[in-house]
Amino acid sequence: MQEIYADYNGSAPICNEVKEYIINRLNKGPFANPNATHHVGTRVKVAMENARSVCAKLLGAQMSQLVFNSGSTEGISTVFQSVLLNNPKKKIIISGIEHSAVTNNALFYQENHGHEVYTLQTKPNGIVDVEDLINHIDEDTALVAVMAANNETGVIQPYLDVAKICQEKGVPFLCDTTQFVGKTEFNFAESGIDYAVVAGHKIGGMTGSGLVLAKDPATLKPLIIGGGQEKGLRGGTQNYLGNETLAVALTYAMNNLPKYEAINTKRQQFEENIKAKFPQIVIIGEDAPRLSSTSYLSMPGIHGQAVQMELESEGIYVTTSSACSDNNPQTSKVLKAMGVTDDIGRGVVRISLGLCNDPALYDRIESALINAYEKLSKIKSY
Ligand SMILES: Cc1ncc(COP(=O)(O)O)c(C=O)c1O
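Definitions and limits used
- Residues numbered from 1 in each chain as written.
- Predicted model: local features only at pLDDT ≥ 70, side-chain atom pairs only at ≥ 80, totals over all residues.
- Heavy atoms only, no water.
- Helix = DSSP H or I, 4+ residues; strand = E, 2+ residues; numbered from the N terminus.
- Rg over C-alpha atoms; globule rule 2.2 N^0.38 Å.
- Buried < 20%, exposed > 50% of the residue type's maximum accessible area, 1.4 Å probe, protein only.
- Contact = heavy atoms within 4.5 Å.
- Areas by Shrake-Rupley, 256 points an atom, 1.4 Å probe, with all protein chains shown as cover.
- Axes fitted to C-alpha atoms, helices over the stretch in contact; angles between N-to-C directions.
- Parallel < 35°, antiparallel > 145°, perpendicular 65-115°, else oblique.
- Left-handed = near helix turned anticlockwise from the far one by under 90°.
- Nonpolar A, V, L, I, M, F, W, Y, C, P; charged D, E, K, R; others polar.
- Pairing = 2+ DSSP bridges.
- Domains from an automatic or database assignment.
- Buried area = accessible area lost by both parts, 1.4 Å probe.
- Salt bridge = Lys/Arg side-chain N within 4 Å of Asp/Glu carboxyl O.
- Polar contact = N/O pair within 3.5 Å; in protein donor to acceptor, adjacent residues only side chain to side chain.

### Here we look at the overall build of the protein chain
Logical step 1: Each helix and strand counted, the protein chain has 13 helices and 14 strands in total.
Logical step 2: On C-alpha atoms alone, the protein chain measures out to a radius of gyration of 21 Å, which is about the 21 Å that the 2.2 N^0.38 rule sets for 382 residues.
Logical step 3: If one aligns the C-alpha atoms of the protein chain with their principal axes, the spans along those axes are about 70 × 55 × 40 Å.
Logical step 4: Taken across its 382 residues, the protein chain has 57% of its residues classed as buried.
Logical step 5: Once local pairs closer than 6 in sequence are excluded, the contacts in the protein chain between residues at least 24 apart make up 73%.
Logical step 6: When the accessible area of the protein chain is evaluated, it comes to approximately 15,900 Å², of which 52% is carbon and sulfur surface.

### Description of the packing of helix 9 (residues 259-277) against helix 13 (residues 361-378)
Logical step 1: Two numbers describe how helix 9 lies on helix 13: the axes approach to 10 Å, and their chain directions differ by 20°. On the basis of their axis angle, the class for helix 9 and helix 13 is roughly parallel. Every pair of crossing elements has a handedness; the one defined by helix 9 and helix 13 is right-handed. Here helix 9 contributes Ile263, Lys266, Arg267, Phe270, Asn273, Ile274 and Lys277 to the contact with helix 13, which in turn contributes Tyr362, Asp363, Ile365, Glu366, Leu369, Ile370 and Glu374.
Logical step 2: Broken down by class, the residue content of the contact of helix 9 with helix 13 amounts to 7 nonpolar, 1 polar and 6 charged.

### Here we look at the sheet that holds strand 9 (residues 282-283)
Logical step 1: Strand order in the open sheet formed by 3 strands is 9-10-14, and the pairing between neighbours is antiparallel. With one partner strand each, in any of the chains shown, strand 9 and strand 14 (349-352) form the two edges of the open sheet.
Logical step 2: Here strand 9 runs beside strand 10 (residues 294-298); their pairing, made up of 2 bridges, is antiparallel. Along strand 10, the bridge assignment pairs valine 282 with serine 298.
Logical step 3: Packed on one face of the sheet, helix 9 meets strand 9, strand 10 and strand 14 and runs near 10° to strand 10.

### Considering the domain arrangement of the protein chain
Logical step 1: According to the domain assignment, the protein chain consists of domain 1 (4-12 + 258-378) and domain 2 (31-255).
Logical step 2: Each of domain 1 and domain 2 has a C-alpha centre, and these two points are 28 Å apart.
Logical step 3: Contacts between the two partners involve 26 residues from domain 1 and, on the opposite side, 30 residues from domain 2.
Logical step 4: For the pair domain 1 and domain 2, the summed buried surface comes to about 2,200 Å²; carbon and sulfur atoms form 55% of the total.
Logical step 5: Broken down residue by residue, the surface that domain 1 buries against domain 2 is led by Leu291, Val334 and Met338, which jointly contribute 26%.
Logical step 6: Remark: the boundary between domain 1 and domain 2 carries 0 salt bridges.
Logical step 7: Across the contact surface, domain 1 and domain 2 share 13 residue pairs in polar contact (both at pLDDT 80 or more).
Logical step 8: Contributions of two or more residues to the side of domain 1 that touches domain 2 are made by helix 9, strand 10 and helix 11 (333-337).

### Notes on the pairing of strand 8 (residues 210-214)
Logical step 1: In terms of burial, strand 8 is largely enclosed, as 5 of its 5 residues are buried.
Logical step 2: The two faces of strand 8 match: Gly210, Val212 and Ala214 on one face and Leu211 and Leu213 on the other face are all buried.
Logical step 3: Direction of pairing for strand 2 (residues 66-69) relative to strand 8: antiparallel, over a ladder of 4 bridges. Across the sheet, the residue bridging to asparagine 69 is glycine 210, located in strand 8.
Logical step 4: The pairing of strand 7 (residues 195-199) with strand 8 spans 5 bridges and is antiparallel. For alanine 196, the partnering residue across the bridge sits in strand 8 and is leucine 213.

### Some details on the sheet that holds strand 8
Logical step 1: Reading across from one edge, 2-8-7-6-5-3-4 is the order of the 7 strands in this open sheet, with mixed pairing throughout. Whereas interior strands pair on both sides, the edge strands pair on one side only; in this sheet they are strand 2 and strand 4 (116-120). Here the average twist between neighbouring strands, direction ignored, is 20°.
Logical step 2: The strands touched by helix 3 (residues 72-84) within the sheet are strand 2, strand 3 (91-95), strand 5 (141-145), strand 6 (173-175), strand 7 and strand 8, with strand 7 carrying the most contacts at an inclination of about 160°.

### Quick look at unusual backbone geometry
Most peptide bonds adopt trans geometry, and most residues besides glycine take a negative phi value.
Logical step 1: Glycine 29 connects to proline 30 through a cis peptide bond whose omega is 0°.
Logical step 2: Looking at the element boundaries, proline 30 is found in the loop between helix 1 (16-28) and helix 2 (39-59).
Logical step 3: For asparagine 86, which is not a glycine, the phi torsion comes out positive at approximately 60°.
Logical step 4: At glutamate 230, a position not held by glycine, the phi torsion is positive, near 50°.
Logical step 5: Residue placement: glutamate 230 occurs in the loop between strand 8 and helix 8 (240-255).
Logical step 6: Under the relative-accessibility criterion, glutamate 230 is labelled buried at 8%.

Structure follows, in structure tokens:
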């Protein structure tokens, strides 16, 4: 039985190009501290700076605007610290569908530094309400954080509109682009975003690699204080192999974006077929623009975990994003922000694929899902 890994939004498998690069790189070297002044160190540094140049070009940024780090949580935490520490402006505006890296940073600054968090309304289709931002952004706003695409629903957000509003008001805008970059076109310079983040493990690179982009790098304050690496903006010897492979993964992803068209077509067909079979199925964010490779669906009355287990018995690995404790599954905060009721919220399963997948895999997922729903409908789990 061929296993199907369908949790790319959680972490994408390392892509073949990166695997080949790593094997070759490990065999050939060089290995050294990229900050050393001897010849080996310089060669390592040149490779890492080449990776910086490749990533910056692919993302529409300047090399000087890119700081390598360990991934998006670090990037987001760096931006919060940079913008908020000792900032007399007190309001932080975030959306209600942000990743916990954003929500928990916002809470931290509220609890420890006297900031006040305003959470934007989300429309039932999963899109953040830009009107609410217009109504609440003011001269006391220190930071706005709205993501580009949601990790659970795949719904693409009006981040360009948010950037424009923030620019007009002179408020720094952090856009969590973790799920967006590598899955669709992105240009940092043209976007008007002040800060963006990338995680290697979401795009076929290595876990523990990532970067933060800053329109004005002089505004960044290091989260990790060390020996002046990354122009003093991120202490600690760089993960140079990770940074090089990040460039390889990003190159592969950005050069293969057209492949998402076939995935998109097949995903839509898959969703149509499931709905035709079970008209009561809810496709979360159905009428919103979504990432090509994300489906988030729910059958009212059937627990997502039960569906996940049925699919797993067929070698298909999906997620439910509802936290479950003591057999009491909770509707996720993203779904709550969308006004999704518990009978639907408890039932969600997320199927997220990626560039390395053959779109034909949707056929097997479809038949396994149909079997699972037919079986579980007979023994309704709640
Ligand atoms: C939207 C979003 N933001 C931030 C993160 C955190 O990224 P990392 O695992 O690189 O810290 C994730 C990962 O789950 C994510 O999906």
